[in-house]
Amino acid sequence: MGKDAKAKHLYSHVIAATCFGIQAVGIGTYFSYGVLFNPLIEEFGWSRALVSGAASLAFLLMGFLGIGVGRLNDRFGPRVLMTVSGVFFGLGYFLMSRLEAIWQLYLFFGTIFGIGLSTVDVIALTTIARWFVRKRGIVTGIVKVGTGAGQMVIPFLVSVLIIRYGWRSSCVIVGVAVLIMLVAIAQLLRRDPSQMGLAPDGNASTSTDSSVLDAEGLSLSEAMHSRQFWTMCAAMLAIVYCLMTIMVHIAPYAQELNVSPTRAASVLSTIGGVSMAGRFISGITIDRIGSKRVMIFCFFLLIAVLLWLQIATELWMLYLFAVFYGLAHGGFFTAFSPIVAEFFGIKSHGALFGITMFFGMFGGALGPFMAGYVFDVTGAYAGAIWICIVISVLGFLLVALLKPAMQDAGANISSP
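Residues numbered from 1 in each chain as written. Predicted model: local features only at pLDDT ≥ 70, side-chain atom pairs only at ≥ 80, totals over all residues. Heavy atoms only, no water.

Observations concerning the overall build of the chain
This is how it is decided: By definition, any uninterrupted DSSP run of H or I lasting at least four residues is a helix, any uninterrupted run of E lasting at least two residues is a strand, and each is numbered from the N terminus. Here the accessible surface of atoms and residues is derived via Shrake-Rupley with a 1.4 Å probe, and residues count as covered only by protein chains that are part of the display.
Helices and strands together make up the secondary structure of the chain, namely 17 helices and two strands. Entry remark: accessible area of the chain is about 17200 Å², with carbon and sulfur atoms responsible for 68%.

Right, here's the structure in full:
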């Protein structure tokens with residue numbers, strides 16, 4: 001193999017590393033917003049609900065705009081989209097340094113930053129789906145490990161910056177840094193391997209025509225007219241409803257059991273660390289048994305640990321919950337993109353993944369709110385957890401009944 005051919009072959013590794021970076025920088029920076037809570041409350045006297053609302057708005061925009069991002073990505077490719085969104089991403093955080101009123105918080109972080117955030121999942125995971133077929137699961141798992149790495153590293157770095165320079169200067173530093181990183185990373189992206197004279201999985205190709213790759217799957221219209229697609233959307237809503245409820249409320253839940261704030265936060269950190277292993281393990285497993293079976297196993301884990309949480313009264317029980325929940329959490333998020341590709345192909349993967357993730361993001365915004373409302377009404381989390389258990393069972397049934405839509409279209413695709 002000549003140097004040029006070897007370099008092209010290795011470009012699939014560059015794509016994987018690039019998407020890992022997008023996930024780490026994008027999601028890690030989003031979660032670092034939590035570090036700004038106390039400084040904003042102390043300076044402006046805003047309520048925790050108001051400050052939280054900006055993060056919820058960014059989360060909703062991520063899902064809503066992801067639909068359009070997916071379609072644009074299928075048509076124009078990821079490089080231009082990621083460049084533009086990287087500018088929005090960094091600009092939103094940078095403008096936070098000029099914050100003086102609550103409407104500016106919702107504009108700068110909730111809207112401008114949210115526009116940038118909308119591309120992070122769709123572009124990274126759709127690009128991986130196009131570049132990898134046999135290795136799609138494991139590479140998706142590796143890329144999603146970037147999410148956990150970003151969650152662990154970037155909020156810590158932001159907290160150090162705030163201690164040393166104050167929150168306003170820290171927003172300037174973070175805004176400029178993430179803008180430069182994401183725009184630079186974007187230049188390495190390619191829509192699919194045919195642009196490098198390759199076939200999926202880094203194999204050599206004699207054709208640079210992407211029409212064969214695009215032909216593998218249903219069109220957006222065909223998929224949206226199938227029962228399976230809307231079943232999958234409903235399943236995504238159910239899954240992320242439960243996952244985000246846990247991630248937002250597990251620390252307050254622990255404190256209701258008289259666990260110290262530091263130890264309650266360590267339960268959340270345990271989930272983040274274990275979820276990295278869950279993403280990697282599920283990625284390997286997806287390539288062997290398919291995304292559907294992985295998701296079903298994750299549902300078993302989720303339902304079991306939610307039932308366990310109902311009787312958890314001591315710290316060690318919460319840590320045990322965190323370990324097994326973390327595995328399910330990582331597995332679910334790794335399986336989301338591959339299962340769309342398995343069931344509908346990659347012809348319109350960006351748009352279809354964007355729509356399914358919109359339903360997921362809607363559930364993710366609704367779940368924590370409903371859990372907080374139930375707690376306000378009842379004074380306990382038991383009712384909210386039971387709701388999550390019921391929704392998890394419904395989500396399990398939806399996924400268990402799924403069959404690849406391309407079978408109905410007469411396409412040749414094996415059931416996972």
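What to know about unusual backbone geometry
Using the following cut-off: Exposure categories follow from relative accessible area, calculated using a 1.4 Å probe and restricted to protein chains: below 20% of the type maximum is buried, above 50% is exposed, and the middle band is partly exposed.
Notably, Asn258 is not glycine yet its phi reads approximately 70°, a positive angle. Mapped onto the elements of the fold, Asn258 is located in the loop between helix 11 (227-256) and helix 12 (261-289). In this structure Asn258 comes out as exposed when scored by relative accessible area, which is 75%.

Regarding the nonpolar core
A general trend in soluble globular proteins is that nonpolar side chains are found buried together. This is how it is decided: Put simply, buried Ala, Val, Leu, Ile, Met, Phe, Trp, Tyr and Cys residues joined by side-chain atoms within 4.5 Å make one nonpolar core. What makes two residues a contact is simply this: any of their non-hydrogen atoms within 4.5 Å.
Counting 120 residues, the largest nonpolar core has Tyr33, Phe109 and Phe336 as its most contacted members. Considering each element in turn, this core owes the most residues, 18 residues, to helix 11. Non-local contacts of Phe336, meaning those with residues more than four positions away in its chain, are made with Met236, Ile239, Val240, Met295, Phe353 and Met357.

Side note on the packing of helix 6 (residues 120-131) against helix 7 (residues 136-165)
The description of two helices packed together rests on the angle between their axes and the distance between the axes. Rules: Only the stretch in contact is used when fitting a helix axis, every axis being a line fitted to C-alpha atoms; angles between N-to-C directions are given from 0 to 180 degrees. Each angle receives one of four descriptions, namely roughly parallel if under 35 degrees, roughly antiparallel if over 145, roughly perpendicular if within 65 to 115, and oblique otherwise. Here a crossing is called left-handed whenever its near helix is offset anticlockwise from the far helix by less than a right angle, and right-handed whenever the offset is clockwise. Here the term charged refers only to Asp, Glu, Lys and Arg, the term nonpolar to Ala, Val, Leu, Ile, Met, Phe, Trp, Tyr, Cys and Pro, and the term polar to all other amino acids, Gly among them.
The N-to-C vectors of helix 6 and helix 7 enclose an angle of 155°; their axes lie 9 Å apart at closest approach. Considering the angle they form, helix 6 stands roughly antiparallel to helix 7. Seen from above, helix 6 lies across helix 7 with right-handed handedness. Facing helix 6, whose interface residues are Asp121, Leu125, Ile128 and Ala129, helix 7 presents Arg136, Val139, Thr140, Val143 and Lys144. Looking at side-chain class alone, the contact of helix 6 with helix 7 contains five nonpolar, one polar and three charged residues.

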